[in-house]
Amino acid sequence: MSAVDFLAKEKIWFDKPRYDEAERRFYEHMNGSPQPTKDAGANTILQDIARARENIQKSLAGSTGSSISSSSADHGELVSRVKSLELENQSLHKVVENLRAALSKLECRVAVLEKSPAAVSQASAPAPSVPYTNGTAVQQKTSTPAKEEEEEDDDDIDLFGSDEDEEAEKLKEQRLKEYAEKKAKKPAIIAKSSILLDVKPWDDETDMAKLEECVRSVQADGLLWGTSKLVPVGYGIKKLQIACVVEDDKVGTDMLEEEITKFEDYVSLVQHSYFCKALVQ
């Protein structure tokens with residue numbers, strides 16, 4: 001930094017000798033010393049000094065006024081911000097209260113919904129069926145909760161038995177007997193099978209009509225013969241394809257094959273090509 005720049009930043013009164021000279025002349029003029037030409041210059045300097053003092057005072061007054069106005073503006077802005085924050089805080093308090101009220105209502109509804117399924121299930125549960133015996137209704141003892149059963153057991157313990165137990169036993173035996181009779185009267189389910197047999201002759205000279213007659217001559221309880229046809233095998237040989245329906249408990253495929261193969265003059269081989277089971281009541 002140069003000396004000129006340093007001095008430019010320093011607050012030095014370079015015109016002080018001039019002002020001192022002007023002040024001296026002013027006092028001499030006041031004391032009556034005759035210096036007309038110099039008094040005119042002194043008067044101008046004094047006027048300049050007065051103007052400078054006035055400007056300084058004005059500038060100081062203006063700076064203080066601006067600072068006061070700025071501080072008042074800052075204070076007003078701060079007050080407005082505080083008021084807006086208070087209003088926002090009040091609105092937030094209202095929102096929080098509304099949320100709490102809604103949450104409490106929701107909790108009450110959830111509690112009601114949690115309790116309602118049990119009541120709905122109890123209401124929607126079907127009434128206990130009342131068994132009938134010979135056209136008369138028989139009352140059943142409804143099941144009670146475990147605690148009530150324990151309390152009743154503690155209060156109503158019959159060490160010597162009672163007539164009610166005997167009646168319950170008799171009722172139970174009667175119901176079992178009726179159930180057995182009802183089951184005996186119910187028609188049994190019969191398992192039947194549909195079988196398609198292939199009966200092959202010895203050669204092409206075998207009498208197929210006689211062969212079919214021999215096959216149909218096999219009779220048994222639970223056996224019913226169906227339709228038949230001749231199917232070519234090859235080299236002029238035809239096989240007999242015949243259908244039948246059998247009851248599984250009475251007739252089996254082994255028995256049929258054994259009975260048919262007894263006709264050795266006509267039959268060389270018996271096979272079943274189709275087998276289907278069914279339940280008939």
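Conventions we followed
- Counting restarts for each chain, with residues numbered from 1 along the sequence as it is written.
- It should be noted that, the model being predicted, local features are given only for residues of pLDDT at least 70 and side-chain atom pairs only at 80 or more, the latter also being counted only at that level, while totals for whole chains, interfaces and linings use all residues.
- In computing side-chain values, all of the structure's heavy atoms are included and hydrogens and water are not.
- UniProt positions are given in the numbering used here, feature names are shortened, and annotations may be inferred rather than shown by experiment.
- Only runs of H or I of at least four residues qualify as helices and only runs of E of at least two qualify as strands under DSSP, and these elements are numbered from the N terminus.
- Each residue is placed in one exposure class: buried if its accessible area under a 1.4 Å probe, protein chains only, is under 20% of its type's maximum, exposed if it is over 50%, and partly exposed if it falls in between.
- Only heavy atoms matter for contacts: two residues are in contact if any of them lie within 4.5 Å across the pair.
- Calculation of accessible area relied on Shrake-Rupley with a 1.4 Å probe; when residues are assessed, cover is drawn exclusively from the protein chains displayed.
- Put simply, buried Ala, Val, Leu, Ile, Met, Phe, Trp, Tyr and Cys residues joined by side-chain atoms within 4.5 Å make one nonpolar core.
- Criterion for a salt bridge: a side-chain nitrogen of Lys or Arg within 4 Å of a carboxyl oxygen of Asp or Glu.
- Patch definition: residues with relative accessible area over 30% and no salt bridge; like charges joined within 9 Å; nonpolar side chains (Val, Leu, Ile, Met, Phe, Trp, Tyr) joined within 5 Å.
- A residue counts as positive if it is Lys or Arg and as negative if it is Asp or Glu; His and the chain ends are not included.
- Lysine's charge is taken at NZ, arginine's at CZ, aspartate's at CG and glutamate's at CD.
- The arc in question is the one traced by the directions running from the helix axis out to the C-beta atoms.
- N or O atoms within 3.5 Å of each other form a polar contact, as long as, within protein, one can give a hydrogen and the other can take it, and as long as residues adjacent in sequence are counted only when both atoms are side-chain atoms.

- On record in UniProt, under Sequence similarities (unreviewed entry), the comment for the protein is "Belongs to the EF-1-beta/EF-1-delta family."

### Details of the overall build of the protein
Phase 1: Within the protein, the regular secondary structure consists of seven helices and six strands.
Phase 2: Reading the protein from its N end, one meets helices and strands in the order α-α-α-β-β-α-α-β-α-β-β-α-β.
Phase 3: A total of 281 residues make up the protein; the buried ones form 13% of that total.
Phase 4: Long-range pairs, those at least 24 residues apart, make up 66% of the contacts in the protein with a sequence separation of at least 6.
Phase 5: Roughly 22800 Å² of accessible area belongs to the protein as shown, and the carbon and sulfur atoms make up 56% of that amount.

### Observations regarding the side chain of glutamate 247
Phase 1: Locating glutamate 247 in the fold gives a position in strand E5 (residues 237-247).
Phase 2: With a relative accessible area of 15%, glutamate 247 lands in the buried category.
Phase 3: Ignoring anything within four residues of it in the chain, the contact list for glutamate 247 reads Ile190, Ala191, Lys192 and Gly222.

### Some points on the nonpolar core
Phase 1: Residues Trp225, Leu256 and Ile260 are the most contacted members of the largest nonpolar core, which totals 18 residues.
Phase 2: Looking at this core, the elements with two or more residues in it are strand E3 (190-201), helix H6 (208-216), strand E4 (223-234), E5, helix H7 (253-260) and strand E6 (267-280).
Phase 3: Ranked by the residues each element gives to this core, the list is headed by E5, at four residues.
Phase 4: Non-local contacts of leucine 256, meaning those with residues more than four positions away in its chain, are made with Ile195, Leu197, Leu223, Trp225, Cys244, Val246 and Val251.

### Quick word on the pattern of salt bridges
Phase 1: Throughout the structure, instances matching the rule amount to 11 salt bridges.
Phase 2: Of the charged contacts, one joins glutamate 212 and arginine 216 as a salt bridge, the two residues approaching to 3.1 Å between their closest N and O atoms. Here arginine 216 and glutamate 212 lie together in helix H6, a separation of four residues that amounts to about one turn.
Phase 3: Residue glutamate 212 is classed as partly exposed on the basis of its relative accessible area, which comes to 23%.
Phase 4: On the basis of relative accessibility, which here comes to 28%, the residue arginine 216 falls in the partly exposed class.
Phase 5: Note that lysine 250 and glutamate 247 form a salt bridge whose closest N and O atoms lie 3.4 Å from each other.
Phase 6: In this structure, a network of salt bridges that share partners links the residues Glu21, Arg24, Arg25 and Glu28.

### Observations concerning a negative patch on the surface
Phase 1: On the surface, Glu164, Asp165, Glu166, Glu167, Glu169 and Glu173 cluster together into a patch of negative charge.
Phase 2: Relative to the elements of secondary structure, aspartate 165 occurs in helix H5 (residues 163-185).
Phase 3: We classify aspartate 165 as partly exposed; its relative accessible area is 48%.

### Regarding unusual backbone geometry
Phase 1: With a phi angle near 60 degrees, tyrosine 235 is a residue other than glycine that sits in the positive phi range.
Phase 2: As for its placement among the helices and strands, tyrosine 235 is situated in the loop between E4 and E5.
Phase 3: Overall, tyrosine 235 belongs to the exposed group, its relative accessible area being 84%.

### Re H6
Phase 1: Met208, Leu211, Cys214 and Val215 are the residues of H6 that are buried. When H6 is viewed along its axis, its buried side chains cluster within an angular range of 115 degrees and face the same direction. In this structure, H6 carries Ala209 and Glu213 as exposed residues pointing more than 90 degrees from its buried face.
Phase 2: Taking the backbone nitrogen of alanine 209 as reference, a side-chain oxygen 3.3 Å away marks aspartate 207 as the first, capping residue of H6.

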